[in-house]
Amino acid sequence: MTIISELVNDAKFIIQHRRRIMPIQKKLDRQAPKAGDLAPDFTLADSSGTETVTLSQFRGIKPVALVFGSYT
Amino acid sequence: MRLHELYEHYHDQVQLLSIYIREAHPIDGWWLGRRLTRGLFRVYAPKASMEHYDPKTIEERRAVAGECETALQYGIRTYVDEMDDHVNNTYAAWPTRLYLIGLDGHVVYAGGLGPYDFKPAKLKAAIDDYLKQVA
């Protein structure tokens, strides 16, 4: 496969994924908490699975900065 | 402003939590390791991995989260969303997003959709404003 055709295939791949994912992301964004909303509470375990955290445990103690992401 | 700088600057006053969610660009998904995108990805996200498949179990997700925590060294404790992606969906977090929650449990700052609106500098500004208000 030539470089040009590889690049064209890569571009098509990106466009297809964006078209599939963006509507879902935008729909979730409309429902997501906004400034002023009560932050939805949650409890999650750490990467070892042994220690947990609950968002509301920090209420009245410290503000919380949430950083969402993944390795990829 | 980078995330580890935010941690170093504010960790006494603000609880920073890293919430590990569904992979953004796994090999078996919207993989950016192909010819066109690999170079661009390296420029904009030099520490991101291009070598992981999408975890199929919570154990797999926790293992990748642990690798990420070790590799990136943000200093921020990492907690892992369950495989139903409940917290991710509730906060519309995928692929990456920032929030600041106030002492009363209400959202002070809701960052825009990542990756383009993932801006630690804006989170910093929100933290500074909030800490002045509550001082």
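This text goes with the structure placed above it.
Here's a quick rundown of the structure. Predicted model only: the values in this text are computed from it and were never measured.

## A few points about the overall build of chain B
Scanning chain B from N- to C-terminus turns up five helices and four strands. Taken from N to C terminus, the helices and strands of chain B fall in the order α-β-α-α-β-α-β-β-α. In terms of overall size, chain B behaves like a compact globule, its C-alpha atoms giving a radius of gyration of 16 Å where 135 residues would be expected to give roughly 14 Å. Dimensions of chain B, computed from the C-alpha atoms along their principal axes, are close to 50 × 30 × 25 Å. Burial statistics for chain B: of 135 residues in total, 39% are counted as buried. In chain B, 55% of the contacts between residues at least 6 apart in sequence involve partners at least 24 apart.

## Regarding helix H1 (residues 3–31) of chain A
Residue and element names in this part refer to chain A. The end-to-end C-alpha distance of H1 is 42 Å, a good match for the 42 Å that 29 residues give at a rise of 1.5 Å each. Ile-21 marks where H1 bends most, by close to 30°; the proline Pro-23 follows one to four residues later. Of all 29 residues in H1, zero are buried; the element is thus mostly exposed.

## Overview of the interface of chain B and chain A
Listed by partner, the interface residues are 65 residues for chain B and 44 residues for chain A. At the level of elements, strand E1 (15–20), helix H2 (35–44), helix H3 (58–72), strand E2 (77–80), helix H4 (86–90), strand E3 (97–101), strand E4 (107–110) and helix H5 (120–134) of chain B are the ones that each hand at least two residues to the side of chain B that touches chain A. In terms of residue count, H3(B) provides more of the side of chain B that touches chain A than any other element does, seven residues in total. Where strand E3 (residues 64–69) of chain A lies against E1(B), six bridges are found, and the strand directions are parallel. Bridge assignment links Leu66(A) to a residue of E1(B), and that residue is Leu17(B).

## Some remarks on the sheet that holds E3(B)
Overall, mixed pairing links the seven strands, which are arranged E2(A)-E1(A)-E2(B)-E1(B)-E3(A)-E3(B)-E4(B) in an open sheet. Two strands close off the open sheet at either side, each with one partner strand: strand E2 (52–54) of chain A together with E4 of chain B. Across this sheet, the average inter-strand angle for adjacent strands is 30°, counted without regard to direction. Of the strands in this sheet, E3 of chain A together with E3 and E4 of chain B touch H5(B), which is tilted by about 5° from E3(B).

## Quick word on the pairing of strand E1 (residues 43–46) of chain A
Pairing between E1(A) and E2(A): three bridges, direction antiparallel. Along E2(A), the bridge assignment pairs Ala45(A) with Thr52(A). Between E1(A) and E2(A), which pair antiparallel one after the other, the connecting turn spans five residues, and Gly49(A) there sits at a positive phi close to 80°. Summarising the sheet, E1(A) and E2(B) pair through two bridges and their orientation is antiparallel.

## Looking at H5(B)
Residues and elements named next belong to chain B. With 15 residues, H5 ought to run about 21 Å at 1.5 Å a step, and its terminal C-alpha atoms sit 21 Å apart, in line with that. By the burial criterion, the buried members of H5 are Leu-123, Ala-126 and Ile-127. An end-on view of H5 places all buried positions within 100° of arc, on one side of the element. Across from the buried face of H5, at angles greater than 90 degrees, the exposed residues are Ala-121, Asp-128 and Lys-132.

## Here's the deal with the nonpolar core
Within the largest apolar cluster, 41 residues are counted, with the highest numbers of intra-cluster contacts made by Ala65(A), Leu66(A), Val67(A), Ile19(B), Tyr99(B), Leu100(B) and Ile101(B). Only E3 of chain A together with helix H1 (3–10), E1, H3, E2, E3, E4 and H5 of chain B provide two or more residues apiece to this core. Per-element tally for this core: the top contributor is E3(A), with five residues.

## Quick look at the pairing of E3(A)
Of all six residues that make up E3(A), six are buried, and the element is covered over most of its length. Every second residue of E3(A) is oriented toward a common face, with Val64(A), Leu66(A) and Phe68(A) on one face and Ala65(A), Val67(A) and Gly69(A) on the other, all of them buried. Note: E3(A) against E3(B), five bridges, orientation antiparallel. Bridging from a neighbouring strand, Val67(A) pairs with Leu98(B) of E3(B).

## Observations regarding the environment of Gln133(B)
Residues and elements named next belong to chain B. Turning to its location among the elements, Gln-133 is positioned in helix H5. On the neighbour-count criterion, Gln-133 (9 C-beta atoms within 10 Å) is exposed. Distance from Gln-133 to Glu-82, taken between C-alpha atoms, is 35 Å for residues 51 residues apart in sequence.

Rules and cut-offs
Residues numbered from 1 in each chain as written. Chains lettered and ligands numbered in written order. Predicted model: local features only at pLDDT ≥ 70, side-chain atom pairs only at ≥ 80, totals over all residues. Helix = DSSP H or I, 4+ residues; strand = E, 2+ residues; numbered from the N terminus. Rg over C-alpha atoms; globule rule 2.2 N^0.38 Å. Buried ≥ 20, exposed ≤ 12 C-beta atoms within 10 Å, placed from the backbone. Contact = placed C-beta atoms within 7 Å. Expected span 1.5 Å × (residues − 1). Bend = angle between axes of the 7 residues up to and from the residue. Pairing = 2+ DSSP bridges. Axes fitted to C-alpha atoms, helices over the stretch in contact; angles between N-to-C directions. Arc of directions from axis to C-beta. Core = buried A, V, L, I, M, F, W, Y, C linked by C-beta atoms within 7 Å.

Such coordinate-based values are descriptive only and should not be taken to indicate function.
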